[in-house]
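# Coordinate analysis (summary)
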Amino acid sequence: MSDLTADRAYELDRKHVFHSWSAQASLDPMVITKAEGSYIWDRYGNRLLDFTSQLVFTNLGHQHPRIVKAIQEQAATLCTVAPAYANSARSEAARLIASHTPGDLNRIFFTNGGADANEHAVRMARLHTGRHKVLSTYRSYHGGTQLAVNLTGDPRRWANDTGSTGTVHFFGPFLYRSAFSATTDEEERERALAHLEQVIALEGPGTIAAIVLESIPGTAGIMIPPPGYLQGVRELCDRHGIMLIADEVMAGFGRAGKWFAIEHAEVVPDLLTFAKGVNSGYVPLGGVAISEAIYQTFADRPYPGGLTYSGHPLACAAAVATIETMQDDRIVEHAAALGTDVFGPALRELAAKHEWIGEVRGTGVFWAIELVSNRETREPLAPYGGTSPQLAAILAASSRRGLLPFANFNRIHLVPPLTITAAEAHEGLDILDQALTEAASASH
Ligand code: PLP
């Protein structure tokens, strides 16, 4: 185990670590020295309530004893085997995952995370259909590898666009900033579906292998689709022989108050991708749950793809412990109740109080507040793809008071561990309330 001091860790980080998605020279990463449950500690001894779950993955909180023990026991028994061999951790993880996925998605292909899960889901859909195009939505995030970032519909795609990956973007529903001038959920649903139908017709249905969408888009704003939208997409896919890939990397494994967010719509996709919450991110793991029909495509024909660490025993042992704990402790029910009893009512109260809050939305332990400088015009408090002094002030005031929130452009996302208690959730929401008051009064 490393025994560097926190200051030395910082110094070496700045000297040698090249960080994701960032200009390197100006970085000032927080050194996390300790973490437990819903809290982390920085190198100055400050305790912060982690409303980010890091990158929305520590679903059972930090240092969960059951997961830690499972990893230790697996390491002591069998640290690793290549994907070609069977082992009990991987077999049991696959069985448990399949017991919760919807419909007949009972075959599990393991990856190391979410981006590669999406890459493989698309590859399977392409080989199954013999078609090449893939449709995905603007305002989405599907990962940082080449195809996944091309599927992504946020500014991170701009610098990475190769223009030759067969990806086509369309508008998903988002009533607050409707691309269709809709004013009700029903209008938004109908117009978004009519738009998608037109995109399919103009792209050529016979060229489209798959539609990839987040069941609830996460990083792009936790936008709950209007009732009936996902059923409508399923129907369009069925009509045209297009595979539906549900990206549940962020929304899955209880975050949205169901095992998988797509259950809210009672839709069964052809492929479902997962990562993060599958094992609370303790060891990298992701995967694709595959329908029987797609599985049959590869029953007698080799699947041309794989990864050295696919279904790594340490990661799978962590998944088994995570899923068993979720079952035993009724974590999904707890997450759903936190949404209806704590986050929903408290955030609506905050919205009534703070002029900057244009909208709050979410479900389970998956919430966003959309910040605007003007409620009438809905002018974002920070531009798309950018930030603003007001947002920076809210974040600084939050962390000074002991809250670590997740911010993206003009939004703050509230995505703590699913194991958070109601009292801890209120503690974080109270800090956010104070931070909004302080930042707003400083800007006047
Ligand atoms: N898909 C969604 C919906 C995500 O939120 C993410 C990551 O945030 C990914 C895919 C990419 O996952 P990973 O970073 O594990 O590759």
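Presented here is an overview of the structure given in this document. (Residues numbered from 1 in each chain as written. Predicted model: local features only at pLDDT ≥ 70, side-chain atom pairs only at ≥ 80, totals over all residues.)

In this section: helix H13 (residues 422–443). Taking 1.5 Å of rise per residue, the 22 residues of H13 would be expected to cover 32 Å, and the 32 Å separating its terminal C-alpha atoms lies within 8% of that figure. For H13, the complete set of buried residues consists of Glu424, Ala425, Gly428, Ile431, Leu432, Ala435, Leu436 and Ala439. Down the axis of H13, the smallest arc covering the buried residues is 140 degrees, so these residues share one side. Exposed side chains of H13 directed beyond 90 degrees from the buried face belong to Ala423 and Ser441. Looking at the buried side of H13, the elements it contacts are strand E3 (47–50), helix H11 (331–353), helix H12 (389–400) and strand E14 (403–404). (Helix = DSSP H or I, 4+ residues; strand = E, 2+ residues; numbered from the N terminus. Expected span 1.5 Å × (residues − 1). Buried ≥ 20, exposed ≤ 12 C-beta atoms within 10 Å, placed from the backbone. Arc of directions from axis to C-beta. Contact = placed C-beta atoms within 7 Å.)

A separate point is the pairing of strand E7 (residues 208–214). Where burial is concerned, most of E7 is hidden: seven out of the seven residues are buried. Sheet topology note: the strand E5 (residues 133–137)/E7 ladder contains four bridges and is parallel. The residue of E7 that forms the bridge with valine 134 is alanine 210. In terms of strand pairing, E7 meets strand E8 (residues 243–247) through five bridges, oriented parallel. Residue valine 212 lies in a different strand from E8, and its bridge partner there is isoleucine 245. In terms of handedness, the path from E7 via helix H8 (residues 229–240) over to E8 forms a crossover that is right-handed. (Pairing = 2+ DSSP bridges. Right-handed = clockwise from strand over helix to strand, strands pointing away.)

Turning next to the environment of glutamate 214. Take glutamate 214: it is sitting in strand E7. For the pair glutamate 214 and tyrosine 141, spaced 73 residues apart in the sequence, the C-alpha separation amounts to 8.1 Å. In this structure, glutamate 214 is in contact with Ser140, Asp247, Met250 and Ala251, ignoring residues within four places of it in sequence.

At tryptophan 21, a residue that is not glycine, the phi angle is positive and equals roughly 55 degrees. Among the structural elements, tryptophan 21 can be located in the loop between helix H1 (6–16) and strand E1 (32–36). Residue tryptophan 21 is classed as exposed on the basis of its 7 C-beta neighbours within 10 Å. A positive phi angle, near 55 degrees, is found at phenylalanine 409, a position not held by glycine. Tracing the chain through its elements places phenylalanine 409 in the loop between strand E15 (406–408) and strand E16 (411–414). Judged by the 20 C-beta atoms lying within 10 Å of it, phenylalanine 409 falls in the buried class.

Moving on, we come to the sheet that holds strand E2 (residues 39–42). Strand order in the open sheet formed by four strands is E1-E2-E3-E14, and the pairing between neighbours is mixed. A strand with exactly one partner marks an edge of an open sheet, and here the two such strands are E1 and E14. Where E1 lies against E2, four bridges are found, and the strand directions are antiparallel. Pairing of lysine 34 across the sheet is with tryptophan 41, part of E2.

Another aspect to go through is the pairing of E3. Where E2 and E3 come together, three bridges link them in antiparallel fashion. Note on E3: the bridge partner recorded for tyrosine 39 is leucine 49. What sits between the antiparallel neighbours E2 and E3 is a turn of four residues, in which glycine 45 has the positive phi angle 85 degrees. Bridging between E3 and E14 involves two bridges; their strand directions are parallel. The residue of E14 that forms the bridge with aspartate 50 is leucine 404.

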